[in-house]
Amino acid sequence: MTHISTTDIHAAPPGKPQHIAVLGIGLMGFPMARRLCEAGHTVTAWNRSRDKAERLLPFGAQVANSPAEAVRGADVVITLLTDGPAVGAVLLASDTLAAYRPGALVVDMSSIKPDEARAHAHQLATVGVRHIDAPVSGGTVGAEQGTLAIMAGGDAEDVAAAQPVLSALGRCTPVGPHGSGQLAKLANQMIVGITIGAVAEALLLAAKGGADMAQVRQALMGGFADSRIMQLHGQRMVERDFAKRAAMTVQLKDMRNAMATAQAMGFEAPITALFESLYAQAVQDGLSDLDHAGLFVALAQRNGMT
């Protein structure tokens, strides 16, 4: 089979409407499924808590009672689930395996371990179902606006086949064979988690010394310290707005997945290890319901600045 190149797959025409099953209607799944409905696709939604899926009814989606019911007849199956075991339990259950349309394409947009993605691809292939791992970055804002960064791992023809659907959600970049999308997402989450900590610690240091934190952030924007994290999460820190867009617990899960993957490869990741411990301590200290920018709160507490 041919693997994907390192060039981007640019936005393609949406093509004819497809029958899409979306499994997992949470913070990301809801706006993404809604965009697929608005793009003219036939969407069948499933979620463990049915009421979350029923929010899509006004947009024309159908709601299934089980994953097997959702995938039956679907051209494309999109998963947005919590972790690798959850993805495996849903995609590889015996009744789900029996319900797939031959040749259906599974697009796993969950954030899981690369070796889990490769295992899922292999097992689905045994029943004639194609698979790509295509996790995303951009948070709920990107999901709502259709500007997600999508990192796709898998065979070139399968990534190309998914593109008319993914174009409604954001920009898809092929990054390598099966599992590579998840490697790219781990790299993304390492950078995000570490940068959140760097921005939080720097702004708190400035405030501790008597500077105006909001003005310090403004002064840094446009220089080498600027970033999307400084712009978006830095503003949340200034406003003390830690309503959950991307959960602290999910950031911790991703940091732990990065560490497990690094250890399996014999790769040393001391910076990620430090921040994994900081997020773990923040969750242990009761901050699990905060946005991942809430690491600011944990660092503020350490410095008596709450």
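Residues numbered from 1 in each chain as written. Predicted model: local features only at pLDDT ≥ 70, side-chain atom pairs only at ≥ 80, totals over all residues. Heavy atoms only, no water.

Scanning the protein chain from terminus to terminus reveals 14 helices and nine strands. Taking 19 Å as the expected radius of gyration for a compact globule of 306 residues, we find that the protein chain reaches 20 Å, a close match to that expectation. Its C-alpha atoms put the protein chain at 65 × 45 × 35 Å along the principal axes. When burial is assessed residue by residue, the protein chain has 51% of its 306 residues classed as buried. (Helix = DSSP H or I, 4+ residues; strand = E, 2+ residues; numbered from the N terminus. Rg over C-alpha atoms; globule rule 2.2 N^0.38 Å. Buried < 20%, exposed > 50% of the residue type's maximum accessible area, 1.4 Å probe, protein only.)

Let us now look at the packing of helix 9 (residues 180–208) against helix 13 (residues 270–287). Where helix 9 contacts helix 13, the two axes come as close as 10 Å, and the packing angle between them is 70°. When the axis of helix 9 is compared with that of helix 13, the two are roughly perpendicular. Crossing angle aside, the handedness with which helix 9 passes helix 13 is left-handed. Facing Met-190, Gly-193, Ile-194, Ile-196, Gly-197 and Ala-198 of helix 9, the residues of helix 13 in contact are Ile-271, Thr-272, Phe-275 and Tyr-279. Residue classes in the contact of helix 9 with helix 13 are distributed as seven nonpolar, three polar and no charged. (Axes fitted to C-alpha atoms, helices over the stretch in contact; angles between N-to-C directions. Parallel < 35°, antiparallel > 145°, perpendicular 65-115°, else oblique. Left-handed = near helix turned anticlockwise from the far one by under 90°. Contact = heavy atoms within 4.5 Å. Nonpolar A, V, L, I, M, F, W, Y, C, P; charged D, E, K, R; others polar.)

With that settled, consider the pattern of salt bridges. Enumeration according to the criterion identifies eight salt bridges in this entry. In this structure, Arg-245 engages Asp-241 in a salt bridge whose closest nitrogen and oxygen atoms are separated by 2.7 Å. On the accessibility criterion, Arg-245 (24% relative accessible area) is partly exposed. Judged by its relative accessible area of 24%, Asp-241 falls in the partly exposed class. The salt bridge partner of Glu-276 is Arg-256, with a shortest N-O separation of 3.0 Å. Of the two residues, Glu-276 sits in helix 13 while Arg-256 sits in helix 12 (residues 248–265), which places them 20 residues apart along the sequence. (Salt bridge = Lys/Arg side-chain N within 4 Å of Asp/Glu carboxyl O.)

Attention now goes to the pairing of strand 4 (residues 76–79). Across the two faces of strand 4 the burial is the same, with Val-76 and Ile-78 and Val-77 and Thr-79 all buried. Direction of pairing for strand 4 relative to strand 5 (residues 105–108): parallel, over a ladder of four bridges. Bridging from a neighbouring strand, Ile-78 pairs with Val-107 of strand 5. (Pairing = 2+ DSSP bridges.)

It is worth spelling out the environment of Leu-232 at this point. You can see Leu-232 is positioned in helix 11 (residues 228–239). Sequence separation between Leu-232 and Asn-257 is 25 residues; the distance between their C-alpha atoms is 25 Å.

With that settled, the discussion passes to helix 9. Between its first and last C-alpha, helix 9 extends 42 Å over 29 residues, near the 42 Å set by a 1.5 Å rise per residue. A positive backbone phi angle near 105° is found at Gly-210, which sits one or two residues after helix 9. (Expected span 1.5 Å × (residues − 1).)

Attention now moves to unusual backbone geometry. The phi angle at Arg-240 is positive, at roughly 55°, despite the residue not being glycine. For Arg-240, the location among the structural elements is in the loop between helix 11 and helix 12.

A word on the side chain of Glu-116. Along the polypeptide, Glu-116 turns up in helix 6 (residues 114–125). No salt bridge is formed by the buried Glu-116, whose closest oppositely charged neighbour, Lys-113, lies at an N-O distance of 5.0 Å. The residues contacting Glu-116, other than those within four sequence positions of it, are Gly-84 and Pro-85. (Lys, Arg positive; Asp, Glu negative; His and termini not counted.)

Note that soluble globular proteins tend to have their nonpolar side chains buried in a common cluster. Met-32, Leu-36, Ile-78, Val-107, Met-109 and Ile-150 are the most contacted members of the largest nonpolar core, which has 35 residues in total. Mapped by element, the contributors of at least two residues to this core are strand 1 (19–23), helix 1 (29–38), strand 2 (42–46), strand 4, strand 5, strand 8 (148–153) and helix 8 (156–166). The biggest single contributor to this core is helix 1, with five residues. In this structure Val-107 touches Val-76, Val-77, Ile-78, Thr-79, Ile-132, Ala-134, Ala-162 and Leu-166, once residues within four positions along its chain are discounted. In terms of nonpolar packing, the next biggest core, distinct from the first, is built from 27 residues, Met-213, Met-230, Tyr-279 and Ala-282 among them. (Core = buried A, V, L, I, M, F, W, Y, C linked by side-chain atoms within 4.5 Å.)

So, about the UniProt feature "domain: 6-phosphogluconate dehydrogenase NADP-binding" (unreviewed entry) in the protein chain. If you check UniProt for "domain: 6-phosphogluconate dehydrogenase NADP-binding" (unreviewed entry), the listed places come out as residues 20–173 in our numbering. For residues 20–173, the helix share is 42%, the strand share is 23%, and the end-to-end C-alpha distance is 21 Å. (UniProt positions renumbered as here; feature names shortened; annotations may be inferred.)

When you line up the elements, Gly-73 lands in the loop between helix 3 (67–71) and strand 4. Overall, the relative accessible area of 37% leaves Gly-73 in the partly exposed class. Put simply, Gly-73 and Leu-183 are 110 residues apart on the chain and 31 Å apart in space, counted from C-alpha to C-alpha. With residues near it in sequence (within four places) discarded, Gly-73 still touches His-19, Ala-99 and Arg-101.

We now examine the pairing of strand 5. Neither face of strand 5 is exposed, since Leu-105 and Val-107 on one face and Val-106 and Asp-108 on the opposite face are all buried. The pairing of strand 5 with strand 6 (residues 130–133) spans four bridges and is parallel. Bridge pairing links Val-107 to Ile-132 in strand 6. Assessed by its sense of winding, the connection that carries the chain from strand 5 through helix 6 to strand 6 is right-handed. (Right-handed = clockwise from strand over helix to strand, strands pointing away.)

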